[in-house]
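# Results of the structural survey
So you can see what is in the structure, the chains are spelled out below.
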Amino acid sequence: MSNTTYDASHKDMANAIRALSMDAIQAANSGHPGMPMGMADVATVLFTKFMKFDAANPDWFDRDRFILSAGHGSMLLYSVLYLMGYPGVELDDLKNFRQVGSKTAGHPEYGHISGAEMTTGPLGQGLTTAVGFAIAEKMVAARHGDDICDHYTYVVNGDGCLMEGVSHEAIDMAGHLKLNKLIVLWDDNNITIDGEVGVSSSTDQIKRFEAAGWNAMRCDGHDAAAIEEAIKAAQNSDKPTLIACKTEIGHGSPNRANTARAHGEPLGEEEIALTREALGWPYGPFVIPDDVMSSWRAAGARSKDAMAAWETRAASLSASDKAGLGDPISTDVMGQVKSAMLDVKKSMSSDAPKLATRQSNAKVLEALVPIVPGIVGGSADLTGSNGCKTSQYKAVTPDDFSGNYMHYGVREFGMAAFMNGMSLHGGVVPYSGTFLVFADYSRPAIRLGALMGVRVIHVMTHDSIGVGEDGPTHQPVETLSALRVIPNLDVFRPADTVETAECWEVALGAAKTPSVMSMTRQGLSTVRTDHTDENLSAKGAYVLKDCDGERDVTLMASGSEVEIIVAAAADLKEAGVNAVVVSMPCMERFAAQDHDYRQSVLGTAPRVACEAALRQSWDRWLGDHGGFVGMSGFGASGPGAELYEHFGITSANVAAEAKAAIARKSA
Ligand SMILES: Cc1ncc(C[n+]2csc(CCOP(=O)(O)OP(=O)(O)O)c2C)c(N)n1
Ligand SMILES: [Mg+2]
């Protein structure tokens, strides 16, 4: 494929990227011309000689993936997608760069434009997510063979991505796993926003990558032949490869090239005119001469034969295996999940064991792992603690990707970003484990996953002061509220094994929403002892125990505190107060129910919530006279049960707060 010849010269094809980028950024009066102009030669060589993809079929499974980790250079991607003829990417889209509702958002947004494999912009995450893509490529290849899955993951990143801490996690993991089909093209322009890289970094990046087990080399990023040679060498490496492409930011602009000013502002009409002259590009704004356009279109179509050959090979796959290369969870699979979860619910509601929900999680996974194709678990070095390992455990190793469990190492942010990439790649359903308090380490990737809309399940255990002796550094208090505030993220906090099974069913069914499973370290009673086929957790909250007569108060809780409000309701009954017990395993799901349902659960009586965490996310549900029993600051070191007493998270206090709320209402 690399032998395709083009009518137009390399120089003109690259200049087309430069011209479209500077024109679109000028039209928007906003954007970053320096990077697209600097990396135009590298992108031209990559897309016209190496990338395997068919512009007319952007979703072809076995395409090479291209991740623009330097998302501020979005016009590089948009120019290339337009030039190669991606469906629905028109000149008008480039003219509408950065406008409300346009496909050409400020930074590439997954789902807005075909050809953007992921959302990029937060530096470091493109590179790290790309490692997840490359992991998934090897996993699917191990399951279905090289005939079906055999592609490269290319990354373009700048100096900024390599400064971000998460790049360490990415580089370390990729080197360890020998992800030889991961090829990173570093825009080595020695410039970031504040000026030369030297003002803030002195690292020898080549040595850094080599130390992590990479193949690392340099090339002149404006010499097409040198770039071609470097990528060829990278393709043949048995390690992941870094190519440091020495470039000039804003290449072609007489007064901005090689300066930080090229980074983040339009060149201006005058400088654009000078740049056109310097580049030898006499065409008007947004004008691409026919030979350049037809050459780029030919590049966009050069893998048609490869794709047709793949389609022939893929005909040997069953329909469900083929569909599963994209999304492994079909309606059929969901049917099996539902029935497996029903079995768990039946046996657990009748046995009513006392279990930590992390153990409930392990039980549920034991039932799910054999029936969910592509499910891959893992942990950030807390395998024994998280309950994510099942009896079907088979570790993924550098030499064997057929396993179903990743040892992610102590890399929470990396793990969350890798999972995003694995899910986006297709064929894999990732879940992982760490402690809930470390959600802050993973948060940027949890947020990006929610923004992109991926099915990724973050199991986060040790979810309160119930952790005990490890103390306040390990006891989340603000974390649940902080996660609940992220849009398009479902935060589940089941109360027992029955709810755990229900929550997993909901999470697996949500193709475009990531989930957090908040699980306890400490043992809990089974609260769902009456079996019902209905998935009550799917509605987010439900009446667990109704009262006789008129409702005086509604008690609400999630997870480990549900058993506390059950006990409080019994105490209140003795005292002649009718309390309804509401379990709320998922606030986001509950908020999505219709008003009548929510009202039937919440009632009109005063409400009291109990959660071993801060109050904030409960405020929405408490109403005017509501009360809250929980934490008001950081936890403390001591045995978990004693800490519940110490901080007053007890059934007696819930009952007292209920009486106080009733009094407030009638006052
Ligand atoms: C996590 C994160 N921090 C900060 C920024 C803001 N930012 C965008 S580009 C940039 C500098 C990037 O320098 P480099 O990667 O070398 O890109 P170049 O200027 O060479 O195009 C910064 C700080 C960001 N996008 N993401
Ligand atoms: Mg730079």
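Residues numbered from 1 in each chain as written. Chains lettered and ligands numbered in written order. Predicted model: local features only at pLDDT ≥ 70, side-chain atom pairs only at ≥ 80, totals over all residues. Heavy atoms only, no water.

Here the focus is the environment of arginine 261. Inspection of the secondary structure assignment puts arginine 261 in helix H11 (residues 261–264). Its relative accessible area of 47% is what places arginine 261 among the partly exposed residues. For the pair arginine 261 and phenylalanine 53, spaced 208 residues apart in the sequence, the C-alpha separation amounts to 35 Å. Here glutamate 265 takes part through its side chain, which lies 3.2 Å from a polar atom of the side chain of arginine 261. (Helix = DSSP H or I, 4+ residues; strand = E, 2+ residues; numbered from the N terminus. Buried < 20%, exposed > 50% of the residue type's maximum accessible area, 1.4 Å probe, protein only. Polar contact = N/O pair within 3.5 Å; in protein donor to acceptor, adjacent residues only side chain to side chain.)

What follows deals with helix H17 (residues 357–368). Residues spaced three or four apart along an α-helix point in a common direction, a consequence of the helix completing one turn every 3.6 residues. Over its 12 residues, H17 runs 16 Å from end to end, which matches the ideal 16 Å to within 8%, given 1.5 Å per residue. Among all positions of H17, only Thr357, Ser360, Asn361, Val364, Leu365 and Leu368 are buried. An end-on view of H17 places all buried positions within 135 degrees of arc, on one side of the element. (Expected span 1.5 Å × (residues − 1). Arc of directions from axis to C-beta.)

On the secondary structure map, glutamate 169 appears in helix H8 (residues 166–176). Buried within the structure, glutamate 169 lacks any salt-bridge partner; arginine 411 is the closest side chain of opposite charge, at an N-O distance of 5.9 Å. A polar atom in the side chain of glutamate 169 sits 2.6 Å from the backbone nitrogen of glycine 414. Beyond its immediate stretch of four places on either side in the chain, glutamate 169 contacts Arg411, Glu412, Phe413, Gly414 and Phe418. (Lys, Arg positive; Asp, Glu negative; His and termini not counted. Salt bridge = Lys/Arg side-chain N within 4 Å of Asp/Glu carboxyl O. Contact = heavy atoms within 4.5 Å.)

Of all hydrophobic cores here, the largest spans 63 residues; its most connected members are Phe47, Phe66, Ile243 and Trp296. Apart from residues lying up to four places away in sequence, isoleucine 243 is in contact with Ile183, Val184, Leu185, Trp186, Met217, Cys219, Ala230, Ile231 and Ala234. (Core = buried A, V, L, I, M, F, W, Y, C linked by side-chain atoms within 4.5 Å.)

This brings us to the site of ligand 1. Close to ligand 1 lie 15 residues; His72, Gly121, Gly160, Asn189 and His263 are nearest. Here an oxygen atom of ligand 1 sits 2.9 Å away from a polar atom, N or O, in the main chain of isoleucine 191. Listed by contribution, the elements that provide at least two residues to the shell around ligand 1 are helix H7 (159–163) and strand S4 (191–192). (Near = heavy atom within 4 Å.)

What follows deals with the side chain of serine 360. As for its position among the elements, serine 360 is in helix H17. Leaving out residues up to four positions away in the same chain, serine 360 has contacts with Leu355, Asp496, Thr497 and Thr500.

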